[in-house]
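So you can see what is in the structure, the chains are spelled out below.
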Amino acid sequence: MHTIKTSKARENILSRIRKGLGNEAKSMPFAEAEKAQVPQAFAKADISPEEQFAQNFIALGGKFVFCDNEKEFLESVHDLYDSRGWQELYCADDRLLHLFQNNKLNIVQPVNIQNDKADACITACEFLVARTGSVLLSSKQPMGRTSTVFYPVHIMVAYTNQVLPDIANALDAVKKKYTNGLPSMINLNTGPSRTADIEKTLVVGVHGPGEVFCFLINA
């Protein structure tokens, strides 16, 4: 008897669900909220977006280098390569790789993902977020998924026209850039990898690069 009652109750519930699915879709409540202008939640900075990004990026443990032009960028990377005694520096961006090759700098090699002994990797990025000091990367870029976790040092390269005030601006810019479909992964990289899971002690470089550089080139 108990089984019969249970089955009947279940059938009544399913019947109501089927009836509900057959009705016309209800309009979204408060649809006007989608079109409303959202007020700015954060105070406007008194400094330029480039300076704000640099300050926040450094505060998070990143290493920031401003370059007045591409020639200065190449020289800065070469100095870093020499000072660290690196042997293998990979580049995941064809345009940057050609920039090194055209200037006869053979310190950078095309990415070989079979080699996990590389000292560092250079990639481009989508945008920089000034307020949070974050770098926005996506799966549409070469090594967009692995560069943030695979190499001990990650060097990201951007131009001043890629610096945007906030995360919402960066996401809007990604939508405009990829009109045929968003990347399957969008990643906000905010400083070097870190965790406090081990005895509540902050450890850097556990789940990804221990060092993160951002070279910002004046556009």
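Further up the page is the structure itself.
Residues numbered from 1 in each chain as written. Predicted model: local features only at pLDDT ≥ 70, side-chain atom pairs only at ≥ 80, totals over all residues. Heavy atoms only, no water.

Please explain the pairing of strand β12 (residues 211-217) as it appears in this structure.
The side chains of a regular strand alternate between the sheet's two faces. Of all seven residues in β12, seven are buried, a share of seventy percent or more. By the alternation rule, side chains of β12 split into Glu211, Phe213, Phe215 and Ile217 and Val212, Cys214 and Leu216, which are all buried. Relative to β12, strand β1 (residues 63-67) runs parallel, the two being bridged by five bridges. When the sheet's bridge partners are listed, Phe66 is paired in β12 with Leu216. Sheet topology places strand β7 (residues 153-159) next to β12; seven bridges connect them, and they run parallel. (Buried < 20%, exposed > 50% of the residue type's maximum accessible area, 1.4 Å probe, protein only. Helix = DSSP H or I, 4+ residues; strand = E, 2+ residues; numbered from the N terminus. Pairing = 2+ DSSP bridges.)

It is not clear to me how the packing of aromatic side chains should be interpreted in this structure. Could you clarify?
The geometry of an aromatic ring pair is captured by the separation of the ring centres together with the interplanar angle, meaning the angle of the planes. Taken as a whole, this structure holds six aromatic pairs when the rule is applied. A ring pair is formed by Phe53 and Phe64, whose centres lie 6.2 Å apart and whose planes are at 65 degrees; its orientation type is edge-to-face. Here Phe53 is found in helix α3 (residues 49-59), whereas its partner Phe64 is found in strand β1, with 11 residues between them in sequence. A connected cluster of aromatic rings, assembled from ring pairs, spans Phe73, Phe100, Phe213 and Phe215. (Phe/Tyr/Trp six-rings, centres within 6.5 Å; stacked < 30°, edge-to-face > 60°.)

Before we go on, may I ask you to explain helix α7 (residues 167-177) in this structure?
Within an α-helix, residues lying three or four positions from one another point in the same direction, as the helix has 3.6 residues per turn. By the burial criterion, the buried members of α7 are Ala170, Ala173 and Val174. One side of α7 carries all its buried residues, which in axial view fall inside an arc of 105 degrees. Buried residues in α7 make contact with β5 (127-129), β6 (134-138), β8 (163-164) and β9 (186-189). (Arc of directions from axis to C-beta. Contact = heavy atoms within 4.5 Å.)

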